[in-house]
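# Fold and geometry: a report
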Amino acid sequence: MSEGLQIHGPLFSLLSLRLAWRNLWRHSRRTWLTAGAMIFSNVLLIFMISLQLGSYDMMINNTLRAFSGHIQVQAEGYKENQRMRRSIASILPLTERVRAALPGAAVSARAAAFALVSSEERSFGAQLIGVQPAREPGVSTLPGLISTGRYLEDPGAAEIVIGSVMARNLKVGLGDEITLLGSGRDGSFAAGVVTVVGIYRSGMADMDRSLAQLPFGYFQETFFMQGHGHAIVVALDGLEQVAPAMSTLRPLLRDGLVLLDWDALNPGLKQAIQADMSSAWLMYGVLILLVAFSVLNTQLMSVMERTREFGVVSALGVRPSRLAMLVLLETALMALIGLAIGLFLGWLVALYFNTAGLSYPGMEEAAARFNLPDRIYPSVSPLSMLLGPVVVFGFCLLAAIYPAARLLRLRPVEAMRAA
Amino acid sequence: MSGSLPVAALSRLAWRNLWRNYRRTLIMLLAIALGAWAMIFMTALMRGMVDQMVEDGIRALPGHVQVHHPLYRDDPSIENSMSEPGAAFAAAMNSPAVTGWTARLRVPAMISSERENRGLMLLGVDPDGEVAVGFEKDSIVEGRWLERIDDSGIVVGKKMLERLETRLGKRVVLMSQDPDNEIADRGFRIVGVFEGTLAAQEEAHVYAGRTTVQRMLNADGEVSEIAVAGRDYRDVGELEALVIEATAGKDVTVRTWKQLDSYLDAMLGVMDGFVLVWMVVIFLALSFGLVNTLMMAVFERIREIGLMQALGMKPSAILYQILLESLFLLALGLLLGNVLAVASVYPIRGGVDLSVVAEGMEMFGASAMLYPALKTDDMILANAVVIVLGILTSLIPAWRASRYRPVEAIAKT
C-alpha cells in the first residue's frame, strides 16, 4: 500500500484534494461538459440578475426623484383620499423644523388642488401643486426639466409652470395667461389668473398632461390655505438613509400627521419589483435544477464506473465516509471551476452592458411606463455578481449527496466483483 | 451481415441500450421532463398575463378599430370632432367581420361634487352600442347602466365616487368646453357605479348619454370617436380595411388598438420573442446533460461498437442507432413533460390570485388574477425546439461513435 493512502487521516487533506483533482480529469470531456452547464447558467444568471437589480435601482430612483421624494409628512388619510381639507396646519414652520433635524436632506413644502385650467381657447382639469421655488429643485427633478422658459422664482408671483402636453392642449406658450377655477380649502370658489413662465417635458405623458406648479405663496392666497399645506417632501441621498431619517422625524410630528416612506408613497413600485423578482426566480430555479441534474448524472456515473476501485480501496481499510467525502470534494472542485469561469465571463458580459447599455425591441414602450430610460444599464455589484453563482454552487453540492451517500453502503467484496 | 440493418432492428437495439444504465436514463428523462414542463408551464403563465393585459386594455375603452378627427389624438377637444356616422357607414358595418360598433363623444371634463373636484374624460355614449362593442354590464356594481341615448344620469367609477366623497343618487356637476370655447356645465345625477379591472380606469372615465352631452356642449350631431369591434383582437386587418373603406373621402384617421396603445402592442411582441428565448435557454441548459449522457453511453460501448463495425456494420448504422437512442430519450422526456405541464395548468385554470401584489401588477397594466393560457402553438414550439435541437446536438456524440476505427476501438479497455 502506498504511503499516500492515509487510512485514518483527516477527511480533508491536501492529498485528498490532489486525488479529487486527478479523478476529475480522468474523463476530462465529461468534466468540461458538466462545468459547461454551470458556466452557462452562471453567466446567464449574472447577466439577468445584474440587469434586474440595475433596472430596479433606476425605477426606484427615477420615480422618487421625479416627484414623490423618499419620505413625506402628510395629514392622516390624505394619501388615501387627497381631500383639500386633510391638510397640515402651519406647514412652513414645521418644514423648517424638519429641515433642521435632517441637515443633509432636501426638504420642501407642497400644497395641492384640482382645478380647471383655461386658456383663451381650451379648458382642462389639472392638478396644481404649490411649491417653494427655492426648495423644490432639491426634492424633484421636474424643475430641471424645463424645456422652454424658466422655473418659478418669486414665492408670491402669479406664475405657473406647466407640462409640454398641457401647453399643447391649451395652445399656450410662454407669457400667455391661464385662468384657474377651483375650490379653496374652506370650500369656497377659488379663481386666479397666472402667467406661464416655463414649460417642462418629463417624458411621462400623464405628468406632462396634468401637472402644473405654482409658487407656494400665491397658491396660499388663491386657495385660501391660511398657512396650511398638504405635504412636506424629504429627498435623501439613498434608500439606506430612509429608516434613520424616519426615526429622527417621528418625534417632530403632531397628532393627526403621518410619516410615509417611499414604499407607502408608491405602493405599486415595490410590488412590481416583487412580482418581477419572484417570477424571475421561478425561472432561475428551473435553470439551476437542470444544472443540478447534470451534476447528479455525472457524479453518479463517475461513482458507478469506479465501483471496483472503491471496493479495493475500502477492502484495504479506507473508511466509506472518506470515499464519500472524496466524491463531494470532486464535485466541489468541478463546481468551483464552473463558478470561477462563469463569474469571470458573467462579469465581462455585465461590465460590457454596464457601459454600453442594453435595449431590445419593445423596451421603449415598457420603459416609459416604469420611468426608465430606453436603455438599461445592469448593475455590477458583489450582490448581482455572486448571488446566482453561489446558489448554483450550493445546488451542485446538494446534487452530489446521493452519489456520495451510495458509497456509505459500499460492500467491498461485492464491489470488487462488479463488472 | 448485410451492413444495413432495418430500422426496426436498429430501434430495438437503441431502445435496449437506453435501459442498460437505467439510473442514468431516468435522471436524464427527469431533466428533459422538467425542462419541457418549465417551457410549457411558464409560457402559459406569461401568455396568460399578457393576454389578460391586452384584453383589459381593450375592454377599458372598447373598439378594436377606432375612427377620429385627424387632430383629435393630439388635442382631444370638442373642436376636433366629426359628424355622427350616417346610414352609409351603418350599412358598411353590417358585415360578418363586425361584431358591434358605436360612436361616442369623448372630451376632457371636470367633475365636482359638493366637496371635491377631479379631472377626467366625459364619455357621451349610446348605451346599447357601448354594450355591443364590449362594455360589460356586469361591471356595474351599484345602480344601473345608462338606459337611453338621452339618459340624464351618469355612471361613474367606484374609485372616483370615493374621491368625490359622494354616493349613488347624488348630483354632481360636469364642466367642459363647448365648440365656442365657452365653459359648459350641467348637473347630473349618479345613477350607476362601475368597477374596472384596473383601478386607474375607475378614475379615468365617466359615462353619460350621448345626446345629453351633445346638448350640454352645443354640439348636436357631433361625435369624437367611432369604435368598431371584431371577433379576434389579434387579427384586425380585415376590420381595419373595412372601416377605411367605409370612411373613404372623409377627413378622418382610422387606427387599430395596436396603434392606439403602443405599450400593449409592444408587450405582445416582446412576449413572442421572450417565449422563444426562454425555450432555447432551457434547451441549452439541458443540452450539456444530453451530450454528456450520450457521450458516456458511447464511451462505455467503444469495444462493442468496434466489434460491430469489425463484423460489418456500417458507420451510418451506428450513427442512426445513437440518434435513435437520443430520439427515444427526448420523446419519452417530452411526453412526461407535456403531461406534467397540462396537469399543473389544470388545477389553476380558474386563475391564480395575485392580489398581494395587485398594485405592482397594475404598474405592468395587468390585473391581480392571472389566468394561464395553454396554447397548442406554444406546446408545439416547445416540443419542436427540444426534438430538433436535441437531435442536432446528439449528432456530435453519434458522429464520433461512427468514426471509431474498429481495431483501435476493440483494443480500448
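Every value quoted in this text rests on a predicted model; they were computed, and no experiment measured them.

Let us look at the overall build of chain B. Counting secondary structure elements, chain B contains 15 helices and 14 strands. Over its C-alpha atoms chain B spans a radius of gyration of 32 Å, topping by over 25% the 22 Å that the globule rule assigns to 413 residues. The C-alpha extent of chain B, read off along each of the three principal axes, is 100 × 50 × 30 Å. Every one of the 413 residues in chain B was classed for burial, and the buried ones make up 48%.

For chain A, the count of helices and strands is 16 helices and ten strands. For 419 residues, the compact-globule estimate of 2.2 N^0.38 gives 22 Å, and the C-alpha radius of gyration of chain A, at 32 Å, exceeds that figure by more than 25%. Taken along its principal axes, the extent of the C-alpha atoms in chain A is 100 × 45 × 30 Å. Buried positions account for 44% of the 419 residues belonging to chain A. Sequence-distant contacts in chain A: of pairs separated by 6 or more residues, those separated by 24 or more amount to 81%.

Let's shift gears to the interface of chain A and chain B. Taken residue by residue, the interface counts 52 residues in chain A and 52 residues in chain B. Sorting the residues of the side of chain A that touches chain B by element identifies helix H2 (28–68), strand S2 (106–118), strand S3 (123–131), helix H5 (164–170), strand S6 (177–183), helix H10 (267–304) and helix H13 (363–369) of chain A as the ones contributing at least two each. The biggest single contributor to the side of chain A that touches chain B is H10(A), with 20 residues. In terms of residue class, the side of chain A that touches chain B is made up of 26 nonpolar, 17 polar and nine charged.

Residue and element names in this part refer to chain A. The element strand S1 (residues 71–75) is extensively covered by neighbouring structure, given that five of its five residues are classed as buried. Taken together, the four bridges between S1 and strand S9 (residues 231–235) define a ladder with antiparallel strand orientation. Paired with Val73 across the two strands is Ile232, which belongs to S9. The pairing of S1 with strand S10 (residues 257–261) spans five bridges and is antiparallel. Looking across to S10, one finds that Ile71 is bridged to Asp261.

In this structure, Val291(A), Cys396(A), Ile32(B), Ala36(B) and Val206(B) are the most contacted members of the largest nonpolar core, which totals 232 residues. No other element matches helix H2 (residues 22–60) of chain B, which puts 21 residues into this core. In this structure, Ile32(B) is in contact with Leu286(B), Leu329(B), Leu330(B), Gly333(B), Leu334(B) and Gly337(B), ignoring residues within four places of it in sequence.

With that settled, consider the pairing of strand S9 (residues 205–209) of chain B. Residues and elements named next belong to chain B. Most of S9 is tucked away, with five of its five residues classed as buried. Where strand S4 (residues 117–125) meets S9, five bridges bridge the pair, whose relative direction is parallel. Opposite Gly124, over in S9, you have Ala208 as the bridge partner.

Unlike most non-glycine residues, Phe224(A) shows phi in positive territory, near 50°. One can find Phe224(A) in the loop between helix H7 (216–222) and S9.

The subject of this paragraph is the confidence of the model for chain A. In low-pLDDT segments, the atomic positions of the prediction should not be examined closely. For chain A, per-residue confidence averages 88 on the pLDDT scale, and 96% of positions sit at 70 or higher. Confidence drops under pLDDT 50 across residues 1–5 of chain A; counting only partners more than four residues distant or on other chains, this segment forms three contacts.

Moving on to the environment of His64(B). Among the secondary structure elements, His64(B) is positioned in the loop between H2 and strand S1 (65–68). Remark: the alpha-carbon pair of His64(B) and Gly134(B), spanning 70 residues in sequence, is separated by 10.0 Å.

The rules behind these values
- Each chain carries its own residue numbering, running from 1 in the direction its sequence is written.
- All chains are assigned letters beginning at A, and all ligands numbers beginning at 1, according to the order in which they are written.
- Reporting in this predicted model follows two pLDDT cut-offs: at least 70 for local features of residues, and 80 or more for side-chain atom pairs to be given and counted; totals over whole chains, interfaces and linings ignore these cut-offs and use all residues.
- Going along the chain from the N terminus, every DSSP run of H or I of four or more residues is numbered as a helix, and every run of E of two or more is numbered as a strand.
- Only the C-alpha atoms count toward the radius of gyration. The rule for a globule is 2.2 Å times the residue count to the power 0.38.
- Neighbour density around each residue's C-beta defines its exposure: 20 or more other C-beta atoms within 10 Å make it buried, 12 or fewer make it exposed, and counts between make it partly exposed, where C-beta atoms are placed from the backbone.
- Two residues form a contact once the distance between their C-beta atoms, set from the backbone, is within 7 Å.
- Just so you know the grouping, Ala, Val, Leu, Ile, Met, Phe, Trp, Tyr, Cys and Pro go in nonpolar, Asp, Glu, Lys and Arg go in charged, and all remaining residues, Gly too, go in polar.
- The rule for pairing is simple: two strands pair if DSSP sees at least two bridges between them.
- The term nonpolar core refers to a group of buried residues, namely Ala, Val, Leu, Ile, Met, Phe, Trp, Tyr and Cys, whose C-beta atoms join them within 7 Å.
- Note on scores: pLDDT gives the predictor's confidence for each residue, bounded by 0 and 100.

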